[in-house]
Amino acid sequence: MANYTLDITKEHCPMTFVKTKIELSKLKTGDVLEVLLTEGEPLENVPRSATEQGFKVLSVTKTETEGVHKVTIEK
Amino acid sequence: MATPDIKLDSNTKKLSIISFSGDFDKLTAVFTLATGAAAVGYEVNLFFTFWGLDAIKIKQGRSPIGKGFLPKVFGVFMGGLKSAPVSRLNFAGISPKIFRYLMRKNNVATLEELVEAAKILGINFYACEMAMHVLGLNKEDFIPEVKDVLGVATFLKLAEGGQTLFI
């Protein structure tokens, strides 16, 4: 079970969830991906589309950086 | 956990786009929609026809490819992705350069990045048989990701049950 991180705080639509999807597809079952993203469009769409596609969103937490959140997704 | 990228249930999420215009801005729209949809689990089909065929040629840059004199002439005019014009206010070709610069500066994906993402996401690329014949091209002239050369009937069958856009 491996842990990976992806920082998409500088990305805009559609690359936010496109990059997330590409990273998730490289993972094996049980692997976890931590995604750092910004409030607004990414925070709305990334966790929801991950759940819709059968991934498990383990947590959505605020980080110390203003406006940046961490979403933990398990395959 | 579901590992396939395509989840088929009674509500299949499918998007098919006919890419007719070879313009830079319209191609950007095609690939933004395609990659965005694929990233949220849609099955995506792209059908390139007429000017759209320019976007999927292997040989980038202006070169006289195609069978016959007239197709070769157009081959020189149609230089692939890098020389795709903007649909308005092209200013003799400066605008695509300006837009690429603005996109890079604002960290928005450029057309080339979107095309690469589309390949990684397993989006289906198809070429239009009719347009191919007119322009004297064949399957080998296109990027390897082009799954097949299709006609209208096959494309419509593929697009059945999903949404279809003409760009």
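Numbering of residues starts from 1 in every chain and runs along the sequence as written. In the order they appear in the text, chains get letters beginning with A and ligands get numbers beginning with 1. Only residues with pLDDT of 70 or above have their local features reported here, since the model is predicted, and side-chain atom pairs are shown and tallied only from 80 upward, although totals for entire chains, interfaces and linings are computed over all residues.

Residue and element names in this part refer to chain B. When pLDDT is averaged along chain B, the result is 87; 93% of the residues meet or exceed 70. Confidence of the predictor at the level of single residues is captured by pLDDT, which takes values from 0 to 100. Distance between backbone-placed C-beta atoms decides contact: two residues are in contact if it is within 7 Å. Within the model, the stretch residues 5-10 combines pLDDT values under 50 with seven contacts to residues more than four positions away or in other chains. Under the prediction, the complex receives an ipTM of 0.82, its pTM being 0.86.

In this complex, chain B contributes 17 residues to the contact, which on the side of chain A involves 18 residues. Per the convention used, a helix needs a DSSP run of H or I reaching at least four residues, while a strand needs a run of E reaching at least two, with both numbered from the N terminus. Contributions of two or more residues to the side of chain B that touches chain A are made by helix H1 (24-39) and helix H4 (111-120) of chain B. For the side of chain B that touches chain A, the leading source of residues is H1(B), giving four residues. Charged means Asp, Glu, Lys or Arg here, nonpolar means Ala, Val, Leu, Ile, Met, Phe, Trp, Tyr, Cys or Pro, and polar covers whatever is left, Gly included. For the side of chain B that touches chain A, the per-class residue count stands at nine nonpolar, six polar and two charged.

Residues and elements named next belong to chain A. As summarised here, the arrangement of the four strands in space is E1-E2-E4-E3, forming an open sheet in which the pairing is mixed. One side of each edge strand has no neighbouring strand; the edge strands of this open sheet are strand E1 (3-7) and strand E3 (56-62). Strand-to-strand twist across the sheet, computed as the mean angle between neighbouring axes with direction ignored, equals 20°. Each axis is a line fitted through C-alpha atoms, and for a helix only the stretch in contact is used; angles between axes span 0 to 180 degrees, taken between their N-to-C directions. The sheet strands contacting helix H2 (residues 41-52) are strand E2 (32-38), E3 and strand E4 (68-74), and the helix crosses E2 at an angle near 155°. At least two DSSP bridges between two strands are needed for those strands to be called paired.

Attention shifts here to the pairing of strand E2 (residues 43-48) of chain B. Residues and elements named next belong to chain B. With C-beta atoms placed from the backbone, a residue counts as buried when 20 or more other C-beta atoms lie within 10 Å of its own, as exposed when 12 or fewer do, and as partly exposed for counts between those limits. For E2, the buried fraction is high: six of the six residues fall into the buried class. Residues Glu 43, Asn 45 and Phe 47 point to one face of E2 and Val 44, Leu 46 and Phe 48 to the other, with burial holding for every one of them. Strand direction decides the pairing type here: strand E1 (residues 14-19) and E2, joined by six bridges, are parallel. Its bridge partner being in E2, Ile 18 is matched across the sheet by Phe 47. For a crossover, the right-handed case is the one in which the path from the first strand over the helix to the second runs clockwise, viewed with the strands pointing away from the viewer. A crossover links E1 with its parallel partner E2, the connecting element being H1, and its sense is right-handed. Pairing of E2 with strand E3 (residues 124-128), which is carried by four bridges, proceeds in the parallel orientation. From the neighbouring strand, Phe 48 faces E3, where its bridge partner is Ala 127.

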